[in-house]
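# Remarks on the overall topology
Here's the letter readout for the chains.
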Amino acid sequence: MWKTNLKIIGIVMGTLALYTIVANSIPQVASEVPEELTFTDEVSTAELVAAGEELYGGAGGCTTCHGTGTRAPNLLTDHAGEGAIGTRCGDRVPGEVCRVYLYNSLVGPAEFVLEGFPPMVFQARTFSDAQLWALVAYMESQGGEVTVTADDIAASADPGQSTAAAATESPAGAAAVASTTTDVAMLLQEQLCLGCHAIDGAGPPLGPSFDGIGGRLTAPEIRAAILEPNAGAAPGYEAMIGVMPTTYGQAFTAAQLEAVVSFLAGRN
């Protein structure tokens, strides 16, 4: 009898150990989330710029691409003889002032692609309106006049609110609300994945192609690469570490993440 009991105890302990190992092997969401900002109606230009500068150099991840002159246009220094971004932003779209152009380019980057560069990979939906406008204020300060005010933040957060900014130069609107779709084709478009990864033989070569990815990586490895993109790189893409946003753990719901992982794992 005691031998039977020992076998049972051994099986139970072995099973618990196995599940513990499996649980610890699942990648945890450790994405850096931009800290929430709250401004009063009396927020100063200096406060907006300071908050924007912290985001730009930190959780916003802007310095990963902007500043190299190869992955994206320089913003804080001269680009093509046009000066820093605060100097040239007002000339990008006829009739559109600098702050509106900058805001719209953040919430709809695919619509504002500078010739010679790939589409910007920026997840505006993970930022609040206050954070986006703080980034705009900081970019305006680079060679230009900061025109962002508390009215801009209030107007984009509440499109129905009557403010001077909304009445004259209303931007495209607040950052898009994350959808609940599990349609992978839509998710890859919404999350701008195809701005870096090719699929079906078409697309930019900034990141590893999605074609055949299921033959190169297992589902857990694909999931880990999405949630912790800076933990490693595919052979030949080491120089691109830091380019992929680290916020997909927040941008995707659990169901969306698993839909994408299953789709990619099936592309052998």
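Residues numbered from 1 in each chain as written. Predicted model: local features only at pLDDT ≥ 70, side-chain atom pairs only at ≥ 80, totals over all residues. Heavy atoms only, no water.

Moving on: the nonpolar core. Ranked by internal contacts, the top residues of the largest apolar core, which has 32 residues, are L102, L106, F122, L132, L135 and V136. Elements with a contribution of two residues or more to this core: α2 (45–57), α4 (98–107), α5 (129–140) and α6 (150–157). If you tally residues by element for this core, the top one is α5, at 9 residues. For L106, the residues in contact, after removing those within four places along its chain, are M120, F122, A124, L132, L135, V136 and M139. If you look at the next biggest cluster of nonpolar residues, it comprises 18 residues, including I222, Y248, A251 and V260. (Core = buried A, V, L, I, M, F, W, Y, C linked by side-chain atoms within 4.5 Å. Buried < 20%, exposed > 50% of the residue type's maximum accessible area, 1.4 Å probe, protein only. Helix = DSSP H or I, 4+ residues; strand = E, 2+ residues; numbered from the N terminus. Contact = heavy atoms within 4.5 Å.)

A residue-level look at the protein finds 76% of positions with pLDDT of 70 or above and a mean pLDDT of 78. Taken as a whole, residues 18–33 scores under 50 in pLDDT and shows 21 contacts with residues more than four places along the chain or in a different chain. Note that residues 160–177 has pLDDT below 50 and, in this model, 33 contacts with residues that lie over four places away or in other chains. (pLDDT = per-residue confidence, 0-100.)

So, about the pattern of salt bridges. Under the definition given, this model contains 5 salt bridges. E82 serves as the salt-bridge partner of R92, at 3.0 Å between the closest nitrogen and oxygen. Placement of R92 in the loop between α3 (85–88) and α4 and of E82 in the loop between α2 and α3 is noted, with a sequence separation of 10 residues between them. Exposure remark for R92: the relative accessible area of 25% places this residue in the partly exposed category. What makes E82 partly exposed here is its relative accessible area of 35%. For the salt bridge of R267 with D200, the shortest nitrogen-to-oxygen distance reads 2.9 Å. Pair noted here: R267 is in the segment after α12 (254–265) and D200 is in the loop between α8 (184–190) and α9 (213–216), with a separation of 67 residues, a long-range link. Looking at R267, the relative accessible area reads 19%, which means it is buried. Among the ionic contacts, a cluster of salt bridges with common partners joins D200, D211 and R267. (Salt bridge = Lys/Arg side-chain N within 4 Å of Asp/Glu carboxyl O.)

Over its 12 residues, α12 extends 16 Å from the first C-alpha to the last, a length consistent with the 16 Å expected when each residue adds 1.5 Å. Among the residues of α12, Q256, L257, A259, V260, V261 and L264 are the ones counted as buried. At its buried positions, α12 is contacted by α8, α9, α10 (219–227) and α11 (248–251). (Expected span 1.5 Å × (residues − 1).)

When we look at burial in α10, the residues that qualify are I222, R223, I226 and L227. Along the axis of α10, the buried residues cluster in a sector spanning 125 degrees; they form a single face. At its buried positions, α10 is contacted by α11 and α12. (Arc of directions from axis to C-beta.)

Attention shifts here to the packing of α10 against α12. With their axes 9 Å apart at the nearest point, α10 and α12 run at an angle of 130 degrees to one another. As far as their axial angle goes, α12 and α10 are oblique. Once α10 is placed against α12, the crossing between them reads as right-handed. Along its contact with α10, which presents A219, I222, R223, I226 and L227, the element α12 presents L257, E258, V260, V261, L264 and A265. Classifying every residue of the contact of α10 with α12 by side-chain character gives 9 nonpolar, no polar and 2 charged. (Axes fitted to C-alpha atoms, helices over the stretch in contact; angles between N-to-C directions. Parallel < 35°, antiparallel > 145°, perpendicular 65-115°, else oblique. Left-handed = near helix turned anticlockwise from the far one by under 90°. Nonpolar A, V, L, I, M, F, W, Y, C, P; charged D, E, K, R; others polar.)

Attention now moves to the side chain of T181. Note on placement: T181 falls in the loop between α7 (164–169) and α8. Of note is the side chain of T181, whose polar atom sits 3.0 Å from the backbone nitrogen of D183. Beyond its immediate chain neighbours, meaning those up to four positions away, T181 contacts M186, L187, E190 and Q256. (Polar contact = N/O pair within 3.5 Å; in protein donor to acceptor, adjacent residues only side chain to side chain.)

A word on the state of the cysteines. What the rule picks out here adds up to 1 disulfide. The residue that forms a disulfide with C89 is C98, at a sulfur-sulfur distance of 1.8 Å. On the sign convention where negative is left-handed, the bridge of C89 and C98, at about -95 degrees about the S-S bond, is left-handed. One exposure class covers both C89 and C98, and it is buried. (Disulfide = S-S within 2.5 Å.)

Moving on: the environment of V243. As for its placement among the helices and strands, V243 is situated in the loop between α10 and α11. Here the alpha-carbon distance between V243 and R71, two residues 172 residues apart in the chain, equals 9.0 Å. Apart from the residues within four sequence positions on either side, V243 is in contact with T64, C65 and R71.

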